[in-house]
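# A structural walkthrough
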Amino acid sequence: TALASFLRRCVQLLLSPIHVLACLGLWDSFYKKVLPYVTAKVAPICNHKVYKQKQKLFSNLREFAGPSGQLTLLEIGTGTGTNFQFYPPGCRLTCADPNPNFRKFLLKSLSENQHLKLEHLVVASGEDLHQIPDGAVDVVVCTLVLCSVTNLEKVLTEVLRVLRLGGAFYFLEHVAADHSSWTYFWQKVCDPVWKYFGDGCSLSRETQKELEKTNFSELNLRCIHVTPSWIPTSPHIIGYAVK
């Protein structure tokens, strides 16, 4: 709408100093150093809000273990490792994150979750997982990551490549609200702010549509709202897809 466009331009004007820093390449390097410290404080709060949903989501992970009985799991955008507590004992874990500054927080989380076995720690974005061979993992996990990737289609293509046949992709992501809602209105207004303070995050990304277009044999997905319901990040999708 015209009002949304006007408010969006006002926000962009207010953010012009940060935009200049971004163009000079100064904002990104600063933000990537600060982000892990912020995430370490905020992630446990966010995790608490969706604890029961995550517990239920990851409850059937063992069903996708390979012939050996061990579960090989890749998490894209591991961050501080807030999902580790939900993974089953003996899980062989590969962590991929493009920000190396998360390393010490991730290792701290691993020390608190000794039921897991870390196999690889890879500095890589979801769009380029060339260090991981084709069909190498039973499960891929992404939570609150697909909103900030540069190319969602490429990430999902990589997910399919690294998964073995019959493996599963687990996700929990905030997404675009219904286009006729006030939530979507504010998502469009706030998108420029979120981009800079959410590590490239888009509030209005249509992740569900991309998942439906991807060549999974089965898609189990449901929509939920995370409290408080008035915030732009309230609409979420949660589920898993089978290769």
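Residues numbered from 1 in each chain as written. Predicted model: local features only at pLDDT ≥ 70, side-chain atom pairs only at ≥ 80, totals over all residues. Heavy atoms only, no water.

## Section: the environment of C95
Assignment of secondary structure puts C95 in strand β2 (residues 92-96). Separated by 40 residues in the primary sequence, C95 and G135 place their C-alpha atoms 16 Å from one another. Each residue touching C95, except ones within four places of it in the same chain, is listed here: E75, T78, F84, L106, L118, H120, L121 and V122. (Helix = DSSP H or I, 4+ residues; strand = E, 2+ residues; numbered from the N terminus. Contact = heavy atoms within 4.5 Å.)

## What about a nonpolar patch on the surface?
On the surface, a cluster of nonpolar side chains totalling about 200 Å² of accessible area is made up of L107, L118 and L121. Along the polypeptide, L107 turns up in helix α5 (residues 103-111). Taking relative accessible area as the criterion, L107 reaches 36% and is therefore assigned partly exposed. (Patch = residues over 30% accessible without salt bridge, like charges linked within 9 Å, V, L, I, M, F, W, Y side chains within 5 Å. Areas by Shrake-Rupley, 256 points an atom, 1.4 Å probe, with all protein chains shown as cover. Salt bridge = Lys/Arg side-chain N within 4 Å of Asp/Glu carboxyl O. Buried < 20%, exposed > 50% of the residue type's maximum accessible area, 1.4 Å probe, protein only.)

## Brief notes about helix α7 (residues 182-197)
For α7, built from 16 residues, the straight-helix expectation of 22 Å at 1.5 Å per residue is met to within 8% by its first-to-last C-alpha distance of 22 Å. Among the residues of α7, those classed as buried are T183, Y184, F185, Q187, V189, C190, D191, P192 and Y196. (Expected span 1.5 Å × (residues − 1).)

## Observations concerning the nonpolar core
Formed by 27 residues in total, the largest nonpolar core has its most connected members in L74, I76, V140, V159 and F169. The set of elements that each furnish at least two residues to this core consists of β1 (72-76), β4 (137-143), α6 (152-162), β5 (163-174) and β7 (235-242). When residues in this core are grouped by element, the largest group, six residues, is from α6. Aside from chain neighbours lying at most four places away, what touches F169 is V140, C142, L146, L156, V159, L163, L211, F216, G239, Y240 and A241. Listed in part, the 26 residues of the second largest apolar core include L57, L73, L116 and Y170. (Core = buried A, V, L, I, M, F, W, Y, C linked by side-chain atoms within 4.5 Å.)

## Some words on the sheet that holds β7
Strand order in the open sheet made by the seven strands is β3-β2-β1-β4-β5-β7-β6, with mixed pairing throughout. Since the sheet does not close on itself, it has two edges, and those belong to β3 (117-122) and β6 (218-225), each with one partner. For this sheet, the mean angle separating the axes of adjacent strands, direction not counted, is 15 degrees. Where β1 lies against β2, five bridges are found, and the strand directions are parallel. Counted as the bridge partner of T72 is R92 from β2. Sheet contacts for α6: β1, β4 and β5; angle to β5, the most-contacted strand, approximately 145 degrees. (Pairing = 2+ DSSP bridges. Axes fitted to C-alpha atoms, helices over the stretch in contact; angles between N-to-C directions.)

Keep in mind that these numbers describe shape and distance, not what the molecule does.
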